[in-house]
Amino acid sequence: MRRLVARCTLHVARLAAGAALVAAPLAAQIPAPEAVLGFVPGTERRLVEWPVLVQYFQRLAATSDRVQIRELGHTTLGAPFIVLVISSPANLARLDELQAINRQLADPRTIRSDAERRQLLDAGRTIVLITSSVHSTEVGGHLSPMQIAHRLATGTDATTRRILDETVVLLVPSLNPDGVTIVSNWYNATLGTPAEGTSPPELYHRYVGHDNNRDWYAFTQVETQLTVDSLHNAWHPQIVHDIHQQGSFGSRFFIPPYLDPVEPNVDPLLVSGFTSLGTHMAWEMAGQGKRGIVVNATYDAWTPARAYQHYHAGVRILTETASAALATSIDVNPERLRGGRNFDAGTASVNFPDPWGGGRWTLADIVDYQASGALSLLRHAAEHRSIWLENFLTVGQRAVRGWDAWPWAFVIPADQDRERVGRMLGILQRGGVEIRAAGAGFAVGERLFPAGAWVVVLRQPYASFAKTLLEVQEYPDLRLFPGGPPRPPYDVTAHTLPLLMGLDVVTAMDSIPVLLSAPAPLPMPHGPPPVRDYARARVGLYRSWTGPMDEGWTRWVFETWDVPYRTVRDADVRRGGLRRRFEAIVIPQMSARAITQGLGDAYPDSLRGGLGEMGVGELRRFVEEGGTLVTLDEASEWAVNAFELPLRNVLAGVPSEDFYAPGSIFRLELDASHPIARGMPASSIAWFENSPTFDVLDSARVRVIGRYPANPDEVLLSGWALGPDRVAGKAALVEARMGRGRVILFGFRPQYRGQTLATFPLLFNAIR
Ligand SMILES: [Zn+2]
């Protein structure tokens, strides 16, 4: 109660006025979410904007001695980015000490004796980071954190008390607060119209939309940076629980273990950890009568883009609850239920023991599953605190000792492009990797390095983060059945930074006898791009109402590298006169259907229809009058057909058994004499993700700027590719003349997720 008096002046007067209030149970004064929202979280068709949610959490923190609120910074659009710290009052009173204990457990080199180790393990608490609603259309995630926080703030049962005593919960109610407001505004504006329950006609994160949870090693967005810098790296959580939603017609709830493959640098103890914790949650929730829970299905654990903590001694517990239509309930016909990878909707199995039979599915169901999942997770974290802390320490000890099969170090020569080296080392350093500089020259095999070369020794707590990002990925050849089609990865298969950034990195298998400096601080890019006025820009970037992520990434790259551009909407294109306004127009990666037809019937007239025939005609006129049209990846396939360009996509209609590359790094050979390849090496990379590849049908009109190597064995640099002979020697980047202008067709993504710095110059040169 003393805390209450200290923090809330309103209550000071009341407490002074009546002793009875002092004796009243604290819970009675702690507001339930409905006291601020005006409705119970999960109520049909009710969503609110981010500031209302923040208001609730502020009131909760002001009235509960178990809850603190901290503002970590501001989002891309300037909203407060917050975390709640929830634990017992006794733990909150020694929070700095608990943080310091965990920092030591995270780095075994700081522990000097067995006695100290035992003391730290005894005094420490399980640190659990819960993150919600990174994907803003998964609207249960806007609401369930209120249920979770309120329960922890008010519960008097033994389980809640144990959670509070044994853990410190860091609850981020939204990893994308801007999106909470974007989606709730759209939902509320369309209630009762045919568009009710549809996705908004824009990205729900200003730049990257749904890709905002693919940013956990590139750290391009300010929300990622705040979470990594202020929470992951400050607290080193043993468990990170990420609350998501999936489609409406599969399982009701997914919990790890993940599907294979697990990326091979993830410590096996973490695999055991997410398996133990996930199956515990599935067991406990089944006991509560929740049906349709699946484990070991659909979601794999390959890419570090979604799992920072798997390289930082923690486990990631992803949960995916079935969706309704935003906050509007749906009726699921049992015949529409379908399975997914490794389960069948109608068949009970070990990993899916109790199929859900269909029927009504509501926002209340979603919030209920999500909140129950989180509380079950916290119960495991509390009841097994000693195992969580011991195993956390063990993972760190193994990393510091080093793994026998691993190289000793990676060496990054200093005499390379400074900006790209800075960005790559900045990523590693933000990920907690210690980077040293060689004090003198040294040799690795035959190769000599002058003093100043950067060295990343793989004997340190976060060596696995460095290793996975600096080495080449070899994705296993997984098939749906022996000899059958490939089993698709959940995301992409390659993340080799030196390739993505066009940098030379050398693997040293044996130790290097050279004096290494202390870890050196490097400048880290931070914060959102500055807002610039590009009103006079002569480059147009097509922005569809379908909200393609590649458009957002392109915008982010242009703004970050200060490339002037203006957004071009469907109506701007249809209006014509493009050549007067633009020198170049970029169509980012999107399907032909999205480009030409846009949003469907459910949306208001002003947003529907895409470019339409009229818009395509105006783009043709723009090129014929001397403009440059730049098309990226799948949009290039559209351009070939729309303008009848003398090119043929050699992969059209090829079954996946014969050719497959779902997000891989290919080698690209460039014609250095072409202006678009200016400043580029003869051999670079192409980010290939189910992309088109071309045969040239009329070499008088089409000039090849980049192609894949003629030798199929040289095509794949990192990731997975089946049948690379299909693209060997074929065109990947071409210039096609049309009238007085030209179309530059990229058969890959030169600005992939803001990461492919190696090929940014190709895009920048194309619009010059
Ligand atoms: Zn999601």
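Since this is a predicted model, take the numbers as computed values, not measurements.

1. Structural notes on the overall build of the protein
Logical step 1: Of the regular secondary structure elements, the protein holds 25 helices and 30 strands.
Logical step 2: Its C-alpha radius of gyration of 27 Å places the protein within 12% of the 27 Å reference for a compact globule of 768 residues.
Logical step 3: By its C-alpha atoms, the protein is 90 × 70 × 55 Å across when sized along the principal axes.
Logical step 4: Relative to its 768 residues, the protein shows a buried fraction of 61%.
Logical step 5: Sequence-distant contacts in the protein: of pairs separated by 6 or more residues, those separated by 24 or more amount to 79%.
Logical step 6: For the protein, the accessible area works out to roughly 28,400 Å², and carbon and sulfur atoms hold 51% of it.
Logical step 7: Separation of charge centres in the protein, based on 74 positive and 78 negative side chains, amounts to 4 Å.

2. Some thoughts on the coordination of the zinc ion
A four-donor tetrahedral metal ideally has 109.5 degree angles, and a six-donor octahedral metal ideally has angles of 90 or 180 degrees.
Logical step 1: Every protein donor of the zinc ion is listed here as H135 (ND1), E138 (OE), E138 (OE) and H244 (ND1), and their distances to the metal cover 2.1 to 2.4 Å.
Logical step 2: Here the zinc ion is ringed by four donor atoms whose angles at the metal span 56 to 150°, and the overall shape comes out irregular.
Logical step 3: Look at where the donors of the zinc ion fall in the sequence and you get H-x2-E-x105-H. Taken together, the positions of E138 in the loop between β3 (126-132) and α9 (140-154) and H244 in strand β5 (residues 239-246) put the pair 106 residues apart, joining distant regions of the chain.
Logical step 4: E138 gets classed as buried once you look at its relative accessible area, which sits at 8%.

3. Considerations on the sheet that holds strand β2 (residues 80-86)
Logical step 1: In space, the eight strands of this open sheet follow the order β1-β2-β4-β3-β5-β10-β6-β8, with mixed pairing throughout. The open sheet has two edge strands with one neighbour each: β1 (67-74) and β8 (293-295). Going across the sheet, the axis of each strand differs from the next one's by a mean of 20°, ignoring polarity.
Logical step 2: Here seven bridges tie β1 to β2, and the two strands are oriented antiparallel to one another. Of the residues in β2, the one forming a bridge with G73 is F81.
Logical step 3: Here helix α14 (residues 363-383) sits on the sheet in contact with β3, β4 (167-172), β5, β6 (253-255), β8 and β10 (315-322), set at roughly 165° to β5.

4. Focus on the packing of aromatic side chains
Logical step 1: Within this structure, the stated rule accounts for 33 aromatic pairs.
Logical step 2: Both rings, one in Y660 and one in W720, keep their centres 5.4 Å apart while their planes meet at 85°; by these two values the pair is edge-to-face. Placement of the pair is Y660 in the loop between β23 (647-649) and β24 (662-670) and W720 in the loop between β28 (716-718) and β29 (731-738), with a sequence separation of 60 residues. Here Y660 matches W720 in class, with each residue buried.
Logical step 3: Among the aromatic residues, ring-to-ring pairing joins Y534, W553, W556, F558, W561, Y565, F760 and F764 into one connected group.
Logical step 4: R252 extends its terminal NZ or CZ atom over the ring of W361, reaching a point 4.7 Å from the ring centre.
Logical step 5: The side chain of R336 reaches across the aromatic face of F249, ending 3.9 Å from its centre.

5. Some remarks on the pairing of strand β25 (residues 683-689)
Across a regular strand the side chains alternate sides, sitting on one face of the sheet and then on the other.
Logical step 1: Most of β25 is tucked away: five of the seven residues are buried.
Logical step 2: With seven bridges joining them, β24 and β25 adopt antiparallel strand pairing. Looking at β25, one finds that E669 is bridged to S683.

6. Focus: helix α12 (residues 222-235)
Three- or four-residue spacings in an α-helix give side chains the same orientation, since the helix completes a turn every 3.6 residues.
Logical step 1: Taking 1.5 Å per residue, 14 residues should reach 20 Å; α12 reaches 19 Å between its end C-alpha atoms and fits that length.
Logical step 2: When the local axis directions of α12 are compared, the greatest deviation, roughly 35°, occurs at V228.
Logical step 3: In terms of burial, α12 is largely enclosed, as eleven of its 14 residues are buried.
Logical step 4: When we look at burial in α12, the residues that qualify are V222, E223, T224, Q225, L226, T227, V228, L231, H232, A234 and W235.
Logical step 5: Within two residues after α12, H236 carries a phi angle of roughly 50°, on the positive side.

7. Re unusual backbone geometry
Logical step 1: With an omega of 15°, the peptide bond between P256 and P257 qualifies as cis.
Logical step 2: With respect to the element layout, P257 can be found in the loop between β6 and β7 (259-262).
Logical step 3: Here the amide bond leading from D260 into P261 is cis, since omega sits at 0°, within 30 degrees of zero.
Logical step 4: Phi angles above zero are rare outside glycine, and R45 is one such case at about 65°.
Logical step 5: With respect to the secondary-structure elements, R45 resides in the loop between α4 (33-37) and α5 (50-63).
Logical step 6: We note that D562 has phi near 55°; this positive angle belongs to a residue other than glycine.
Logical step 7: Residue class for D562 comes out partly exposed when judged on its relative accessible area of 39%.

8. Some points on the pairing of β2
Logical step 1: Counting buried positions along β2 gives six out of seven residues, so the element sits mostly inside the fold.
Logical step 2: The hairpin turn running from β1 into β2, its antiparallel successor, is five residues long, and G78 in that turn takes a positive phi close to 95°.
Logical step 3: Where β2 and β4 come together, three bridges link them in antiparallel fashion. Considered in β4, the bridge of L84 is made with L171.

9. Things to note about the packing of α5 against α9
Logical step 1: Running from N to C, α5 and α9 point in directions that differ by 5°, and their axes come no closer than 11 Å. The angle between α5 and α9 places the two elements in the roughly parallel class. Together, L53, Y56, F57 and L60 of α5 and H142, P145, M146, A149, H150 and A153 of α9 make up the contact between the two elements.
Logical step 2: Here the residues of the contact of α5 with α9 sort into eight nonpolar, two polar and no charged.

10. Regarding the packing of helix α7 (residues 95-106) against helix α8 (residues 114-123)
Logical step 1: Interhelical geometry of α7 versus α8 gives an angle of 130° and a closest axis separation of 10 Å. On the basis of their axis angle, the class for α7 and α8 is oblique. As for the relative orientation of α7 and α8, their crossing is left-handed in sense. Along the contact surface, α7 presents L98, I101, Q104 and L105, while α8 presents E116, L120, L121 and A123.

11. Section: the confidence of the model for the protein
Logical step 1: Residues of the protein with pLDDT of at least 70 account for 95%, and the chain-wide mean is 94.
Logical step 2: Here residues 1-25 scores under 50 on pLDDT; set against residues more than four positions off or in separate chains, the count is 28 contacts.

12. Focus: the pattern of salt bridges
As a working rule, side chains carrying opposite charge can pair if their charged atoms are close by.
Logical step 1: A complete count under the given rule lists 44 salt bridges for this structure.
Logical step 2: Between E196 and R45 there is a salt bridge, and its shortest N-O distance comes to 2.7 Å. Here R45 lies in the loop between α4 and α5 and E196 lies in the loop between α11 (177-190) and α12, a separation of 151 residues in the sequence.
Logical step 3: A salt bridge links R94 to E97, with the shortest nitrogen-to-oxygen separation between them at 3.2 Å.
Logical step 4: Accessibility expressed as a relative area gives 21% for R94, which makes it partly exposed.
Logical step 5: Overlapping salt bridges, with partners in common, bring together D107, R109, E434 and R436 in one network.

Calculation notes
- Residues numbered from 1 in each chain as written.
- Predicted model: local features only at pLDDT ≥ 70, side-chain atom pairs only at ≥ 80, totals over all residues.
- Heavy atoms only, no water.
- Helix = DSSP H or I, 4+ residues; strand = E, 2+ residues; numbered from the N terminus.
- Rg over C-alpha atoms; globule rule 2.2 N^0.38 Å.
- Buried < 20%, exposed > 50% of the residue type's maximum accessible area, 1.4 Å probe, protein only.
- Contact = heavy atoms within 4.5 Å.
- Areas by Shrake-Rupley, 256 points an atom, 1.4 Å probe, with all protein chains shown as cover.
- Lys, Arg positive; Asp, Glu negative; His and termini not counted.
- Charge placed at Lys NZ, Arg CZ, Asp CG, Glu CD.
- Donors = N, O, S within 2.8 Å, 3.2 Å for Na, K, Ca; no water.
- Tetrahedral: all angles 85-135°; square planar, octahedral: opposite > 155°, others 65-115°.
- Pairing = 2+ DSSP bridges.
- Axes fitted to C-alpha atoms, helices over the stretch in contact; angles between N-to-C directions.
- Phe/Tyr/Trp six-rings, centres within 6.5 Å; stacked < 30°, edge-to-face > 60°.
- Lys NZ or Arg CZ within 6 Å of the ring centre and 35° of its normal.
- Expected span 1.5 Å × (residues − 1).
- Bend = angle between axes of the 7 residues up to and from the residue.
- Parallel < 35°, antiparallel > 145°, perpendicular 65-115°, else oblique.
- Nonpolar A, V, L, I, M, F, W, Y, C, P; charged D, E, K, R; others polar.
- Left-handed = near helix turned anticlockwise from the far one by under 90°.
- pLDDT = per-residue confidence, 0-100.
- Salt bridge = Lys/Arg side-chain N within 4 Å of Asp/Glu carboxyl O.

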